[in-house]
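Residue strings, one per chain:
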2 protein chains.
Amino acid sequence: MKQSVTMRDIADKLGVSSVTVSKAINDKEGVGEDLRKKIKEAAIDMGYRLNAAAKSMKDGLSYNIGIIIPERFTDVTQGFYMRFYQDLAKSMDEHSYSGIMHILSMEDEDNLILPRVYLEKKVDGFIILGQVRRSYIDMFLQTDTPIVFLDFYTDQPDVDCVITDNFYGMYDLTNYLIRLGHRDIAFVGNIHATSSILDRYLGYYKSILEHGIQVDSDYLVNDRDENGQYIDMTLPARMPSAFVCNCDQIAFYLISLLRRKGVNVPEDCSVVGFDNDIYAGLADPNLTTVEVNMAEMSKTAVSMIVEKLKNRNSSQGRVAIKGKIVYRDSVKDLR
Amino acid sequence: MKQSVTMRDIADKLGVSSVTVSKAINDKEGVGEDLRKKIKEAAIDMGYRLNAAAKSMKDGLSYNIGIIIPERFTDVTQGFYMRFYQDLAKSMDEHSYSGIMHILSMEDEDNLILPRVYLEKKVDGFIILGQVRRSYIDMFLQTDTPIVFLDFYTDQPDVDCVITDNFYGMYDLTNYLIRLGHRDIAFVGNIHATSSILDRYLGYYKSILEHGIQVDSDYLVNDRDENGQYIDMTLPARMPSAFVCNCDQIAFYLISLLRRKGVNVPEDCSVVGFDNDIYAGLADPNLTTVEVNMAEMSKTAVSMIVEKLKNRNSSQGRVAIKGKIVYRDSVKDLR
DNA sequence: CTGAAAGCGCTTACAG
DNA sequence: CTGAAAGCGCTTACAG
């Protein structure tokens, strides 16, 4: 290794102690203004770079956060969590933290294998992005490491998590359809697959119930198995006037499926999605959907974990971030 | 901070020295087999975790690699580099390295701002994923940090980089079209935007030249400005029988554009892409394209950087990884 | 305002 | 095979 500049080198050059250099560079009190300035200039001149490892050893903090993403949310067709990661990276940067992404394989999840970054104390805490098995979470919680869940939650009471407001998002969106005159509205999604889908369904269902609407028994259309693998959808016997899909991707597929059956969207049937991801713009027509506020969610999740790092007992519980409806061309006004 | 278990704790408990514990845990020689076993068991019992920072201080290595991705390659519609990152993460894991992603903003790129992870010595080297400005690269090269470029290269001679074999990939693909009877073949892409596009163009052009084909002057269709922003495409006056697109995404858009003009693919006109990304499967018809071997490229790039970390003078230069043609439904056989 | 001392947890080189 | 000593680069707590 090429030897690099240390605080001691700066100290020697300027004839001061390394303690003083440390104080000057870290903007701590106890150094004269003139000296501080001289030291900082010398640091730049000499190409000084902080040794994060040495700092780490003193305060026991790595200033890294592990971001765990289950493998099943990362395939070609799902850029969603990858985009989330970007927003997280930005937020972490604002707190002078860095992120280390860990893709959790199905195998490690099943066998309860902790990530290497945990075993090596390379990170101070974790953000888990996307629902993982309960047993895995339980194990993680027992390690007593600061953790924040992002975009999902469990029924454990004192767990911190940041979610999008799935319930009210879908409630608002369904109300919008009803306002436009829709009455026969089906929901597409496997409500046992994730807590997000279930909540979106319940938001839809609240709206249905509030409006005293009766819904056919096959108006709950399954779209995936419990591992998240998409399956062929079975359309209801009697066509609804609108489909509320649990996500944009499935709305995209549904529109293709309908077209193949000779049903045009939105002329013959309306379709709405959720997420406002790449599929919303790819669908023809473009989807009316609920936009998830990733930037805000990321910011909140990072603030939460940083807060927990400072104060291990801090707990903010479940925080839901509001999305907003994006109106596009996949809904017909029936009035 | 909750105090955690150190090697010293294990040593004290077993009545040995911490040196012995270190040797046992790291599988170094100089410990009896029985003792080694006892120490390892105690380590697990006591929940020992290595302190990566302390190790770092000794050998001056963080066991982290910085992955720099220019912001312009990360928008909603481009999951490509995010997927690359996943493969990189896997490869790094195999070398016991972790990755820290840094999204390089246009602003930092213009102002030659080095990433924070560099200034804090949080990483031992960098992989730059996606073409960045020459001035930025030059600055980076001057820092004398091990760097590998991934998916692009420059004309600097002794720089390590891993690229997909753009030239031969497109050459093979164009030959395939010609074998199928196509003669009027246009290329879509701004050849001044990136080195990849230029190489793909040259592969196409080699095939054209070798077959003695004359090409209309407007058979080079521009698709984006030099910042990578897509622009409206101007179709050639005389329609070709096939379009060779520099990437799947633009092939996807081209197919829509053609359809709007009443031209059906592949009946009236063939279209091929490059990358085999999400757009290849989304396009209707599915695209015949060249699949980039991300896994192999990632593996190679990580091996290269790890090699450079061990031996600063090692240099492998430009390595091109072969892709392979994926045959689907967007090409018509003219024979 | 300035600095000598001690220590964070590990590993290397050497002595026994 | 086992361990005492020294040191990696920084920061904290304290003395002057």
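Residues numbered from 1 in each chain as written. Chains lettered and ligands numbered in written order. Predicted model: local features only at pLDDT ≥ 70, side-chain atom pairs only at ≥ 80, totals over all residues. Heavy atoms only, no water.

> An account of the relation of the copies chain A and chain B is requested, with residue identities and associated values reported.
Superposing chain A onto chain B takes a rotation of 180° combined with a translation of 0.0 Å along the rotation axis, leaving an RMSD of 0.1 Å. Each copy turns onto its partner about a two-fold axis. Both copies contact each other with a shared surface, as 100% of the interface residues of chain A are interface residues in chain B too. (Least-squares fit on C-alpha atoms with pLDDT ≥ 70 in both. Contact = heavy atoms within 4.5 Å.)

> Run through the protein's contact with DNA strand C, naming residues and quoting values.
As a matter of local geometry, DNA strand C sits amid 22 residues, with Lys23 and Gly30 of chain A together with Met7, Ser22 and Tyr48 of chain B nearest to it. When the atoms of DNA strand C within 4 Å of the protein are sorted by group, sugar and phosphate make up 61%. Between Ser22 of chain B and DNA strand C, the recorded distance is 2.5 Å, taken from a side-chain N or O atom to a phosphate oxygen. In the model, a base nitrogen of DNA strand C is placed 3.4 Å from a nitrogen or oxygen of the Ala54 of chain B main chain. Looking at the surface near DNA strand C, the elements that each hand over two or more residues are helix H2 (18-25) and helix H4 (52-59) of chain A together with helix H2 (18-25) and helix H4 (52-59) of chain B. With 3 residues, the top contributor of residues to the surface near DNA strand C is H2 of chain A. Looking at side-chain class alone, the surface near DNA strand C contains 9 nonpolar, 9 polar and 4 charged residues. (Near = heavy atom within 4 Å. Polar contact = N/O pair within 3.5 Å; in protein donor to acceptor, adjacent residues only side chain to side chain. Helix = DSSP H or I, 4+ residues; strand = E, 2+ residues; numbered from the N terminus. Nonpolar A, V, L, I, M, F, W, Y, C, P; charged D, E, K, R; others polar.)

> If you had to explain the packing of aromatic side chains to someone new, which residues and values would you point to?
Taken as a whole, this structure holds 41 aromatic pairs over all chains when the rule is applied. Ring geometry for Tyr176 of chain A versus Tyr327 of chain A: centroids 4.9 Å apart, planes at 65°, classification edge-to-face. Residue Tyr176 of chain A is found in helix H9 (residues 166-179), and its partner Tyr327 of chain A is found in the segment after strand S12 (324-326); the two are separated by 151 residues along the sequence. Ring centres of Phe252 of chain B and Tyr253 of chain B lie 5.7 Å apart, and the angle between their planes is 75°; this geometry places the pair in the edge-to-face category. Under the relative-accessibility criterion, Phe252 of chain B is labelled buried at 11%. Put simply, the rings of Phe73, Phe80, Tyr81 and Phe84 of chain A pair up and form one aromatic cluster. Above the plane of the ring of Phe73 of chain A lies Arg72 of chain A, whose end atom (NZ or CZ) is 5.3 Å from the centre. (Phe/Tyr/Trp six-rings, centres within 6.5 Å; stacked < 30°, edge-to-face > 60°. Buried < 20%, exposed > 50% of the residue type's maximum accessible area, 1.4 Å probe, protein only. Lys NZ or Arg CZ within 6 Å of the ring centre and 35° of its normal.)

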